[in-house]
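Each chain is listed here by its residues.
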Amino acid sequence: MHSVSVKNLTLKFGSAEVLKNLNLDVEEGEFIVLLGPSGCGKSTLLNCLAGLLELTEGQIHIKGKNVTWAEPSERGIGMVFQSYALYPQMTVRGNMSFGLKIAGLPKDEIAKRVERASEILQIGPLLDRKPGALSGGQRQRVAIGRALVREVDVFLFDEPLSNLDAKLRSELRVELKRLHNRLKNTMIYVTHDQIEALTLADRIAIMRGGIIQQLDAPQTIYNRPANLFVAGFIGSPAMNFIKGATVDGGKRFQFGNVSLDLAGYEGGAILDRPKAILGLRPEHLTMVDEAIAGHTIPAVVEIDEPMGADSLVWLLAEGRQMSVRVPVEHRPAPGKQVHLRVDIAKASLFDETNELRI
Amino acid sequence: MANSNLAAGPSGAKPKPFITPQRAVVYTVLIVCAIFFLFPLYIMIITSLKNIQEIQSGNIFIPTLHPTLDAWEKAWNSACTGLYCEGIKVGFWNSIKITVPSTIVSIIVASLTGYSMANWPFKFSEVFFTILLLSSFIPYVVMIYPLVIITRELGIYSTLPAVVLVHTIFGLPLLTLLFRNYFASLPQELFKAARVDGAGYWQIFFQVFAPMSVPIFTVAVILQVTGIWNDFLFGVIYAGPTNYPMTVQLNNIVNSAQGGKAYNVDMAATILTGLVPLAIYFFSGKYFVRGIAAGAVKG
């Protein structure tokens, strides 16, 4: 039984199709991240799951129960919002027990649940304060606590860390992971931050234009992007794309005066494709002094951007801009002539006509 | 010297002259406005404290030498409003009887309508919003006669319910607009969170939104109380002679001349009539401005 199952979900606002015939199965205890640029429909999908938006077609099942028409509170979900959405006039305790009071739970049960949640989230000392007297990180903890006390199977997070500063964000990210390890609930998490997605997710669903482009484990998404969009979206700094063609029955990639040996490429049948794109991540390229036929690209160093441990070096190769990530102590001087060694096993080839990975 | 290591020259905050040209302009305008509005009030107060001989013989700008509250007592208790000589206190209680129910009913209806329009969109809710917006601009004079007929057909013309009904109806467009905009400006995620928590239409309204909406409720109360209290036209048309509000009674006192004009009584009655809105503005001006600003966000 799937924890959450979305079947042929379509959502229209007027004539605009926001979600297009979308299918998604989430396993029990899985941490799924919905990732995509703004407007891709990821928050909309989450709101549909929560029952805050009415879908146009399709079904939603949670824990095997068809909840397509159920009220948000009847779906067995807890939700955490980007703006925390705490009730300003209630104390932390009041915020956490509001839903339980409405559900008509007995007082001692409410107290017990609030106690347990506040212990897990270490917000015990804050229980009698109002949200206005809390910091951003504390507020988000309370918001998570409000979802926790519902003791539901599925947690929905709508960009919960986006309003926090960078340091707090990474702290809470770790805490969320710890929380998931401890509770083993199903979590569906919306974000536009790929670091959050890569660090937290069991599987990532990359969305664009109301369609899931790829649903896979973070490493698979990173190493074997299903199409050009996913390849360009995941990874910072972004993947280098080189337009060219595959020749010699798919044995070589040709662009400008450079010809690269494709032996060792992990993927499907390459064949001869007049329009192909080679994707190389900056960290999969190395700078060498000597050319190796079929394995290097000649380039000239333009500038470099030191980023602490690493430095991102920008080069011109065959008139194209490329970036390479090198340890900061190996920064080359601008204007230097170098050769970029390609690790073809880690490269991605795309057919330019349908933008899919070969 | 402690600062000997600093270079010579200016240091710290730049001194500002007390009066700059901008300030001079601002203060001049403010003072002129204050005098313009306060001077009539001053004349009313000193006149109401004089006796009639002093008024007839003296200068209107000079304060009285023998202040007396006789005129106030007479205005409240025994000034004549046409046939009856029971003072303006009758009108005061009538105004209370008109204002309190009209204010309460119109605010309850308008806040619920505004809340529904902002958070529970229904079919054509945007159309209704547009109609509401337009109807706030229709001069209400065109509706007076139709409303006379409607209240007559309802059998309540010339009674308290009629004037309460009319005030409630005329308060609704603006108040609904105000409430809708205020509720639309509250964070949508709060509404969603409450729904996930299982709160329904009434619970969200009373337990989540209403406690956050004190400023807009304050504005609504002020608008309605002052508007209805100051109203003359609806009172004289729909209330009927026994229910005339204070403004109408005041007019009758001032106009029913028996013998010489009792300016001191007129002034006292006028101040008494204006006292309620005055007091309301005085005590809640801060909330009023805050609420108006809050209601103005997001159209």
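Treat the numbers as computed from the prediction; the structure is a model and nothing was measured.

Draft legend 1. Spatial organisation of the overall build of chain A. Each helix and strand in chain A was counted, giving eight helices and 20 strands. Overall, chain A is about 75 × 45 × 35 Å in size when its C-alpha atoms are taken along their principal axes. Residues counted as buried form 51% of the 358 residues belonging to chain A. Taking contacts inside chain A between residues at least 6 apart in sequence as the whole, the part at least 24 apart equals 66%. Summed over all atoms, the accessible surface of chain A reaches about 15,700 Å², with 50% contributed by carbon and sulfur.

Draft legend 2. View of the interface of chain B and chain A. At the interface, 15 residues of chain B touch 25 residues of chain A. For the chain B face of the interface with chain A, the top three residues by lost area are Glu189, Val196 and Asp197 of chain B, together amounting to 40%. Where chain B meets chain A, there are two salt bridges. Glu71 of chain A is the salt-bridge partner of Arg195 of chain B, the closest N and O atoms lying 3.3 Å from each other. Across the contact surface, chain B and chain A share nine residue pairs in polar contact (both at pLDDT 80 or more).

Draft legend 3. Fine view of the nonpolar core. Of all hydrophobic cores here, the largest spans 63 residues; its most connected members are Leu9, Leu22 and Leu156 of chain A together with Phe183 of chain B. The greatest single-element share of this core, amounting to six residues, is contributed by helix α7 (residues 160-185) of chain B. When sequence neighbours within four positions are dropped, the list of residues in contact with Leu9 of chain A reads Leu19, Lys20, Asn21, Leu22, Leu45, Cys48, Leu55, Glu57, Gly58 and Ile60 of chain A. Residues Tyr84, Leu100, Ile110 and Ile221 of chain A belong to the second largest nonpolar core, which totals 45 residues.

Draft legend 4. Representation of the packing of helix α2 (residues 92-102) of chain A against helix α4 (residues 136-148) of chain A. All names here are of chain A. Look at α2 against α4: their axes get within 8 Å of each other, and the N-to-C directions meet at 30°. Taken together, the axes of α2 and α4 are roughly parallel relative to one another. Like other packed secondary-structure pairs, α2 and α4 cross with a definite hand, here right-handed. Every residue of α4 that contacts α2 at Val92, Asn95 and Met96 is listed here: Val142, Gly145 and Arg146. Residue composition of the contact of α2 with α4, by class: three nonpolar, two polar and one charged.

Draft legend 5. Seen up close, the sheet that holds strand β6 (residues 77-80) of chain A. Residue and element names in this part refer to chain A. Here six strands make up an open sheet; going across it, the order is β6-β7-β8-β3-β9-β10 and the pairing mixed. In this open sheet, the two strands that pair with only one neighbour each are β6 and β10 (211-216). In this sheet, adjacent strand axes meet at a mean angle of 20° when their direction is disregarded. Its contacts with the sheet put helix α5 (residues 166-183) on β3 (31-35), β7 (154-158) and β8 (186-191), and the angle it makes with β8 is roughly 160°.

Draft legend 6. Structural context of the confidence of the model for chain B. Chain-level statistics for chain B give a pLDDT mean of 88 and a share of 93% at 70 or above. Confidence, expressed as mean pLDDT per element, reaches its minimum in chain B at helix α13 (residues 263-296) of chain B with 80 and its maximum at helix α4 (residues 89-119) of chain B with 95.

Draft legend 7. Quick look at helix α1 (residues 42-50) of chain A. Residue and element names in this part refer to chain A. Taken across its nine residues, α1 has eight buried, putting it largely inside the fold. Of all the residues in α1, the buried ones are Lys42, Thr44, Leu45, Leu46, Asn47, Cys48, Leu49 and Ala50. Of the residues flanking the end of α1, it is Gly51, one or two places downstream, whose phi is positive at about 85°.

Draft legend 8. Structural detail: the pairing of strand β20 (residues 348-351) of chain A. Residues and elements named next belong to chain A. Burial along β20 is two-sided: Ser348 and Phe350 and Leu349 and Asp351, pointing in opposite directions, are all buried. By the bridge criterion, four bridges tie strand β14 (residues 273-280) to β20 in an arrangement that is antiparallel. The residue bridging Ala276 from the neighbouring strand is Asp351, located in β20.

Draft legend 9. Highlighting the pairing of strand β11 (residues 240-247) of chain A. All names here are of chain A. Of the strand pairs in this sheet, β11 and β14 are connected by six bridges, and their pairing is antiparallel. Counted as the bridge partner of Asn240 is Leu280 from β14. As judged from the three bridges shared by β11 and strand β12 (residues 252-255), these two strands associate in the antiparallel manner. Residue pairing for β12: Thr246 is matched across the bridge by Phe253. Where β11 folds back onto β12 in an antiparallel hairpin, the turn is made up of four residues, including Asp248, whose phi is positive at roughly 60°.

Conventions we followed
Residues numbered from 1 in each chain as written. Chains lettered and ligands numbered in written order. Predicted model: local features only at pLDDT ≥ 70, side-chain atom pairs only at ≥ 80, totals over all residues. Heavy atoms only, no water. Helix = DSSP H or I, 4+ residues; strand = E, 2+ residues; numbered from the N terminus. Buried < 20%, exposed > 50% of the residue type's maximum accessible area, 1.4 Å probe, protein only. Contact = heavy atoms within 4.5 Å. Areas by Shrake-Rupley, 256 points an atom, 1.4 Å probe, with all protein chains shown as cover. Buried area = accessible area lost by both parts, 1.4 Å probe. Salt bridge = Lys/Arg side-chain N within 4 Å of Asp/Glu carboxyl O. Polar contact = N/O pair within 3.5 Å; in protein donor to acceptor, adjacent residues only side chain to side chain. Core = buried A, V, L, I, M, F, W, Y, C linked by side-chain atoms within 4.5 Å. Axes fitted to C-alpha atoms, helices over the stretch in contact; angles between N-to-C directions. Parallel < 35°, antiparallel > 145°, perpendicular 65-115°, else oblique. Left-handed = near helix turned anticlockwise from the far one by under 90°. Nonpolar A, V, L, I, M, F, W, Y, C, P; charged D, E, K, R; others polar. Pairing = 2+ DSSP bridges. pLDDT = per-residue confidence, 0-100.

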